[in-house]
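Take a look at the letters that make up each chain.
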Amino acid sequence: MNVALPEMGRTLGGTTAGLQWVVDAYTLMFAALLISAGAVSDRVGAKRLFGVGLAAFMAASAACELAPGLAFLIGGRAVQGCAAAVMLPASLALVRQAFSDPVRRAKAIALWSVGGAVAIAAGPVAGGVLTSAVSWRAIFFVNLPVGLVTLALLARAPRSPRRAVPLDPAGQVTAIAGLAALTFGVIEGGETGFGRPVVLGCLLLAAASMGAFVIAETRAAHPMVPLGMFRRWTVTACVSIGFAINVAFYGQIFVLSLFFQRILGESAVTAGLMFLPMTALLASANLTSAKVAASFGPRVVIWTGLLVSALGMAALFVVCTGHGLVILAVVLVPAGLGMGFALPSLTTTLLDAIPADQAGLAAGMLNSSRQAGGTLAVAVFGALVAQRAAFVSGMRDSILIGVLMLLAATAAGLTLPSRRAVEAKEMS
């Protein structure tokens, strides 16, 4: 999408702000609906909801492909974001339901993570090839055959269990309002400044909505998010670690992308290739994670991966200026690989701590926390590097924040249940 944006602007017209909303419309709806979609997945069945979300994503992709103007395209992207929010927690719930054995489930989640890692590496390349060889519209068309194949595979999956409880409308409305207002406020604040009335109003609305959400969940007979779930330290720690990982990962990619192009004067293609060594190895890190976790337990994998990533980002803080592109590309590898190594075991640990019929909710909470972390990082780090004269100092501050977040996440990872404790729980 990011690679295709300039060509979209030339074809459809529109301002830079309009093109930004081609991306942000998706992000806004995706972030706003993740927790709610996870809860709905548990109630109506992950297989059914995943199928509905996939069909909606395909329809929205077709609409984006045929978009006659920028406003229509932004609307289609918003629908895509809604559909993606439905699919993501349902997909993890399907994995959780398909594998009752913890070791096989860990391997399956690692493969699930590989899909995302391969997409991160291949997305910019595929976007560039399709846009150059065909048209920017082709980046949406490719979703249709892939979606059809996925629907055919989904038909073979067994029916998902369902929680026979009401949908908790108060919780749904307040969660969506709070997350939507927070995401919109952060996006607008990062682009136009956090002192504007509309931004402050959105952030206040987000705080009020989340307060109302907590009250609604406390009083609901069948809450969408049982708040007692967070009394389990494993749940709170995993959700917090997911937030920290995305602050560091997406904040780092955002700032360095600007650094390579605005400060060093490199092309967009070169900037994308700078991340390729890191992203191309994420898949192997995901797979290795499951193998190591089977031998030593997920806790070791989580804190080791986070510590390696923190050390990699600390090295990046040292060499980010005054060194060649090759050195920067090499230093990026451990920073990214450590996170890729930790994430599958983090997801497995969270799902193992939650009953199987709440897997969709757990996946929604984890991914909502990660999405919030990435969105906040882009907004805050973007503000730090907004002035060209202060870009380098702002970038170093951003990297330092990422290092501190990862060190805090490492400390939290050390408090997770050990392999022996997990095995004792399973035996009991």
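Coordinates for the structure precede this section.
This report concerns the structure included in the present document. What you see is a predicted model; the values in this text were computed from it and never measured.

Procedures and definitions
Residues numbered from 1 in each chain as written. Predicted model: local features only at pLDDT ≥ 70, side-chain atom pairs only at ≥ 80, totals over all residues. Heavy atoms only, no water. Helix = DSSP H or I, 4+ residues; strand = E, 2+ residues; numbered from the N terminus. Rg over C-alpha atoms; globule rule 2.2 N^0.38 Å. Contact = heavy atoms within 4.5 Å. Areas by Shrake-Rupley, 256 points an atom, 1.4 Å probe, with all protein chains shown as cover. Lys, Arg positive; Asp, Glu negative; His and termini not counted. Charge placed at Lys NZ, Arg CZ, Asp CG, Glu CD. Axes fitted to C-alpha atoms, helices over the stretch in contact; angles between N-to-C directions. Parallel < 35°, antiparallel > 145°, perpendicular 65-115°, else oblique. Left-handed = near helix turned anticlockwise from the far one by under 90°. Nonpolar A, V, L, I, M, F, W, Y, C, P; charged D, E, K, R; others polar. Buried < 20%, exposed > 50% of the residue type's maximum accessible area, 1.4 Å probe, protein only. Salt bridge = Lys/Arg side-chain N within 4 Å of Asp/Glu carboxyl O. Polar contact = N/O pair within 3.5 Å; in protein donor to acceptor, adjacent residues only side chain to side chain. Phe/Tyr/Trp six-rings, centres within 6.5 Å; stacked < 30°, edge-to-face > 60°. Core = buried A, V, L, I, M, F, W, Y, C linked by side-chain atoms within 4.5 Å. 1 Å grid on protein atoms, 1.4 Å probe; cavity = no way out; pocket = protein on both sides within 12 Å on 5 of 7 lines; lining within 4 Å. Points joined across faces, edges and corners; volume = space filled by probe spheres on them.

Quick word on the overall build of the chain
Step number 1: Each helix and strand counted, the chain has 17 helices and zero strands in total.
Step number 2: Relative to its length of 428 residues, the chain is compact, with a C-alpha radius of gyration of 21 Å against a globular reference of 22 Å.
Step number 3: Pairs at least 24 residues apart make up 81% of the contacts formed inside the chain by residues separated by at least 6 positions.
Step number 4: When the accessible surface of the chain is totalled, it reaches about 18400 Å², and 70% of it is carbon and sulfur.
Step number 5: Distance from the positive charge centre (27 side chains) to the negative charge centre (15 side chains) of the chain: 6 Å.

Thoughts on the packing of helix 14 (residues 325-352) against helix 15 (residues 359-384)
Axis angle and axis distance: for two packed helices, these are the angle between their axes and the distance between the axes, and together they describe the pair.
Step number 1: Two numbers describe how helix 14 lies on helix 15: the axes approach to 10 Å, and their chain directions differ by 140 degrees. Considering their axes alone, helix 14 and helix 15 lie oblique with respect to each other. Here the hand of the crossing between helix 14 and helix 15 comes out right-handed. Taking contact as the criterion, the partners of Leu343, Leu346, Thr347, Leu350 and Leu351 in helix 14 are, on helix 15, Ala359, Ala362, Ala363, Leu366 and Arg370.
Step number 2: Class assignment of the residues belonging to the contact of helix 14 with helix 15 gives a composition of eight nonpolar, one polar and one charged.

Looking at the side chain of arginine 370
Step number 1: Mapped onto the fold, arginine 370 is located in helix 15.
Step number 2: The buried charged residue arginine 370 lacks any salt bridge, with aspartate 352 as its nearest oppositely charged partner at 16 Å.
Step number 3: Leave out the neighbours within four places in its chain, and arginine 370 touches Gly242, Phe243, Asn246 and Leu343.

Comments concerning the side chain of threonine 174
Step number 1: Relative to the assigned elements, threonine 174 resides in helix 8 (residues 169-192).
Step number 2: At a separation of 3.3 Å, a polar atom in the side chain of threonine 174 contacts the main-chain carbonyl oxygen of glycine 171.
Step number 3: Those residues in contact with threonine 174, other than ones at most four positions away along the chain, are Ser209, Met210, Ala212 and Phe213.

Quick word on the environment of leucine 111
Step number 1: Here leucine 111 shows up in helix 5 (residues 102-133).
Step number 2: By relative accessible area, which is 55% here, leucine 111 ends up exposed.
Step number 3: Considering only alpha carbons, one finds leucine 111 and alanine 283, 172 residues apart in sequence, at a separation of 8.4 Å.

A few points about the packing of aromatic side chains
Step number 1: In this structure the tally under the stated criterion is six aromatic pairs.
Step number 2: With a centroid separation of 5.9 Å and 25 degrees between ring planes, the pair formed by tyrosine 26 and phenylalanine 30 is classed as stacked. Placement of the pair is tyrosine 26 and phenylalanine 30 together in helix 2 (residues 16-44), with a separation of four residues, close to one helical turn.
Step number 3: Between the aromatic rings of phenylalanine 259 and phenylalanine 260, the centroid separation amounts to 6.0 Å while the plane-to-plane angle is 55 degrees, which identifies the pairing as tilted. Comparing phenylalanine 259 with phenylalanine 260, the two get one shared label, buried.
Step number 4: Following the ring pairs from residue to residue traces out a cluster consisting of Phe259, Phe260 and Phe391.

Points about the nonpolar core
Side chains of a nonpolar character, in soluble globular proteins, are inclined to be buried together.
Step number 1: Residues Ile241, Leu256, Phe260, Leu306, Met313, Leu346 and Met395 are the most contacted members of the largest nonpolar core, which totals 91 residues.
Step number 2: Phenylalanine 260 has contacts with Gly265, Glu266, Ala271, Met274, Phe275, Leu325 and Leu328, leaving out every residue within four places of it along the chain.

Focus: empty space enclosed by the protein
Step number 1: Summed over all chains, the structure comprises one cavity of 30 Å³ or more.
Step number 2: Reported here for the largest cavity is a volume of approximately 80 Å³.
Step number 3: Lining the largest cavity are Ala31, Leu179, Leu182, Thr183, Val186, Ser368, Gln371, Ala372, Thr375 and Leu376.
Step number 4: Listing elements by their share of the lining of the largest cavity, those giving two or more residues are helix 8 and helix 15.
Step number 5: Among the elements that take part in the lining of the largest cavity, helix 15 stands out by supplying five residues, more than any other.
Step number 6: Residue composition of the lining of the largest cavity, by class: six nonpolar, four polar and no charged.

It is worth stressing that arrangement in space is one thing and function is another; only the former is reported here.
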